[in-house]
Amino acid sequence: MDFNNITEGYAENEEGLVFRYNRKERLAHAPQIVKDYYDGKIVAFKPGLFKALVATRGNRFMLFALVICFLIVVFYGFFGAKENEDSKFGVHFSLSAFTYEQLGENIYVNLKIDPPTKKFVEDYDGEIPVKIEFFTVNAEGEISGKNTVLAKYNGKKLFLEKQEEIQKIKELKKNGKSVKVPEFGLDVKTSFSSLEVISVKADVELRGEKFSLNAPVKNVTDYLR
């Protein structure tokens, strides 16, 4: 399209105005950077994704903040407190619940009580009573079932058995044998007949102290398919 002579619209009996556009004349008075651009001496900057993210101070700050938030989420995901695990009085507790179609419409629950740490061994010399109240929780957050289990926990015995087994395993490894370390601890088990459950809660009472654990019900069938 020729822009050298452009006739603007005008009313009747009026003389039309003529606008003339001359690119050479306009560029003659333009800054040197504009002249270089039109001459092809300057290429438009096309940053990549990362360059765009760090192009300005504000962008760099936002990128840094996003990285920090991501690292915090990952850290707490791996090392943060878990509702189904806790350590009390030198003993680690872990709660799990699962269902498996081939075993019928049941939910199987296990509270594992590990041997105490070395510092607390003497506090668990002999059989110490443990009371656990298990509750099932439905999708509405309501308690739908309850089982109470009484058990005896001899932490010192479990600790000594574990140390003895670890020593045997060390000797076997010296001879080049590969040995799997067995799990030690007291397993307190129960089950529920209803499948309309999404989680299980356990209220644990040990040495006159109470605390709670929560675990989601996992469908083992989905993992084995």
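Undergrad: What am I meant to see in the overall build of the protein here?
TA: Along its length, the protein carries six helices and 10 strands. Looking at the protein residue by residue over its 225 residues, the buried ones come to 24%. Of all intrachain contacts in the protein linking residues separated by at least 6 positions in sequence, the fraction that spans at least 24 positions is 58%.

Undergrad: I'm lost on the pattern of salt bridges in this one. Help?
TA: It is possible for side chains bearing opposite charge to pair when their charged atoms get close. Scanning the entire structure with this criterion turns up eight salt bridges. Between Lys 156 and Asp 125 there is a salt bridge, and its shortest N-O distance comes to 3.9 Å. You can see Lys 156 sitting in helix H5 (residues 155-174) and its partner Asp 125 sitting in the loop between strand S5 (107-113) and strand S6 (128-137), a full 31 residues away along the chain. Judged by its relative accessible area of 52%, Asp 125 is exposed. Taking the shortest distance from any N to any O, the salt bridge between Lys 168 and Glu 164 comes out at 3.9 Å. Taken together, the residues span about one helical turn, with Lys 168 and Glu 164 both in helix H5 at a distance of four residues. For Glu 164, a relative accessible area of 49% translates into the label partly exposed. Here the residues in one salt-bridge network are Glu 122, Asp 125 and Lys 156, joined through shared partners.

The rules behind each value
- Residues numbered from 1 in each chain as written.
- Predicted model: local features only at pLDDT ≥ 70, side-chain atom pairs only at ≥ 80, totals over all residues.
- Heavy atoms only, no water.
- Helix = DSSP H or I, 4+ residues; strand = E, 2+ residues; numbered from the N terminus.
- Buried < 20%, exposed > 50% of the residue type's maximum accessible area, 1.4 Å probe, protein only.
- Contact = heavy atoms within 4.5 Å.
- Salt bridge = Lys/Arg side-chain N within 4 Å of Asp/Glu carboxyl O.

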